[in-house]
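Coordinate inspection notes
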Amino acid sequence: AHCGAEVGNSVDVYDLNGNTHHGTWVRVDKHFDLAMFVMTDPSSKVTKLSLGPGRVASSIPPAGTGVRAYGYRASSTLQPKVFTCLGTTTPSNLKVLRAHYSVKEGKFGSGDSGGGVFNKAGELVGVISHGSDEDTEAYSSTPRQLAAFVEGYDRPDRLGSDNKMAEAIERLEKTIKA
């Protein structure tokens with residue numbers, strides 16, 4: 001796994017318009033290559049990405065199903081890609097179950113890690129972890145791994161004194177449970 005986030009460290013978050021916002025890493029699982037942050041500057045106007053809170057899918061799409069993925073491959077703008085689900089596999093370099101996709105449209109490669117993979121209903125089905133050496137295949141976490149990661153999140157007591165942080169975490173928790 002290559003997740004470099006550390007709980008408590010700050011992170012810059014870029015919206016669709018290239019505006020910078022600030023967050024703090026609150027949960028990291030290097031084994032599953034996943035990290036979660038909360039926005040710490042709620043007064044700034046974050047570009048709305050959707051009309052409602054996102055949802056994690058209950059399962060990966062059936063083999064042969066197309067999905068849309070997004071990442072920042074060597075760019076400062078979000079780059080869409082189309083993948084086809086191949087099923088699940090356990091890559092030898094991770095020794096962790098991953099959803100396995102074939103890259104059908106768009107350029108895929110370094111910089112796409114951490115990007116979302118979405119089914120036709122707009123549900124999150126995975127977070128990109130890596131690709132094949134030729135960048136013709138992509139791997140992501142599974143919906144079950146995402147759900148366990150989010151549900152296993154315990155709000156750190158040490159952040160309770162920071163009202164803005166506590167409010168941001170509560171908003172995140174309400175969104176996740178919706």
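Everything below is about the structure printed above this text.
Each value, and the rule that gives it
- Residues numbered from 1 in each chain as written.
- Predicted model: local features only at pLDDT ≥ 70, side-chain atom pairs only at ≥ 80, totals over all residues.
- Heavy atoms only, no water.
- Helix = DSSP H or I, 4+ residues; strand = E, 2+ residues; numbered from the N terminus.
- Buried < 20%, exposed > 50% of the residue type's maximum accessible area, 1.4 Å probe, protein only.
- Contact = heavy atoms within 4.5 Å.
- Areas by Shrake-Rupley, 256 points an atom, 1.4 Å probe, with all protein chains shown as cover.
- Phe/Tyr/Trp six-rings, centres within 6.5 Å; stacked < 30°, edge-to-face > 60°.
- Pairing = 2+ DSSP bridges.
- Axes fitted to C-alpha atoms, helices over the stretch in contact; angles between N-to-C directions.
- Arc of directions from axis to C-beta.
- Core = buried A, V, L, I, M, F, W, Y, C linked by side-chain atoms within 4.5 Å.

**Regarding the overall build of the chain**
- Across its full length, the chain carries two helices and nine strands.
- Seen in sequence order, the chain has helices and strands lined up from the N terminus as β-β-β-β-β-β-β-β-β-α-α.
- Of all 178 residues assigned to the chain, the portion counted as buried reaches 38%.
- For the chain, long-range pairs separated by at least 24 residues make up 50% of all intrachain contacts whose partners lie at least 6 apart in sequence.
- Put simply, the chain shows about 10,300 Å² of open surface, and 50% of that area lies on carbon and sulfur atoms.

**Examining the packing of aromatic side chains**
- Under the counting rule described, the total for this entry stands at four aromatic pairs.
- Between Trp25 and Phe37, the aromatic rings sit 5.6 Å apart at their centres with planes inclined by 90°, giving edge-to-face as the arrangement. Residue Trp25 is found in strand E2 (residues 20-29), and its partner Phe37 is found in strand E3 (residues 34-39); the two are separated by twelve residues along the sequence.
- Under the relative-accessibility criterion, Trp25 is labelled buried at 17%.
- Relative to Tyr101, the ring of Phe83 has its centre 5.7 Å away and its plane inclined at 35°; by these criteria the two rings are tilted. Highlighted residues: Phe83 in strand E5 (residues 79-89) and Tyr101 in strand E6 (residues 98-105), separated in sequence by 18 residues.

**Some remarks on the sheet that holds E6**
- Here we have six strands rolled up into a closed barrel, ordered E4-E5-E6-E9-E8-E7, and antiparallel in their pairing. Taking each pair of neighbouring strands and ignoring which way they run, the sheet shows an average axis angle of 45°.
- Pairing of E6 with strand E9 (residues 137-140) involves four bridges; the strand directions are antiparallel. Within E9, the residue paired with His100 across the bridge is Tyr139.

**Some words on helix H1 (residues 143-151)**
- Within the span of H1, buried status applies to Pro143, Gln145, Leu146, Phe149 and Val150. For H1, the buried positions fall inside an angular range of 160° around the axis, keeping them on one side. Pointing more than 90 degrees away from the buried face of H1 are the exposed residues Arg144 and Glu151.

**A closer look at the nonpolar core**
- Ranked by size, the top nonpolar core spans 13 residues in total, and within it Phe83, Tyr101, Phe108, Val117, Ile128 and Ala138 carry the most contacts.
- Where this core is concerned, the elements lending two or more residues are strand E4 (66-71), E5, E6 and strand E8 (124-131).
- No other element matches E6, which puts three residues into this core.
- Residues within four places of Ile128 in sequence aside, it is in contact with Ala69, Tyr70, Phe83, Phe108, Asp112, Ser113, Gly114, Gly115, Val117, Tyr139 and Ser140.
- Counting nine residues, the second largest nonpolar core, distinct from the first, contains Val26, Met36, Val38 and Phe149.

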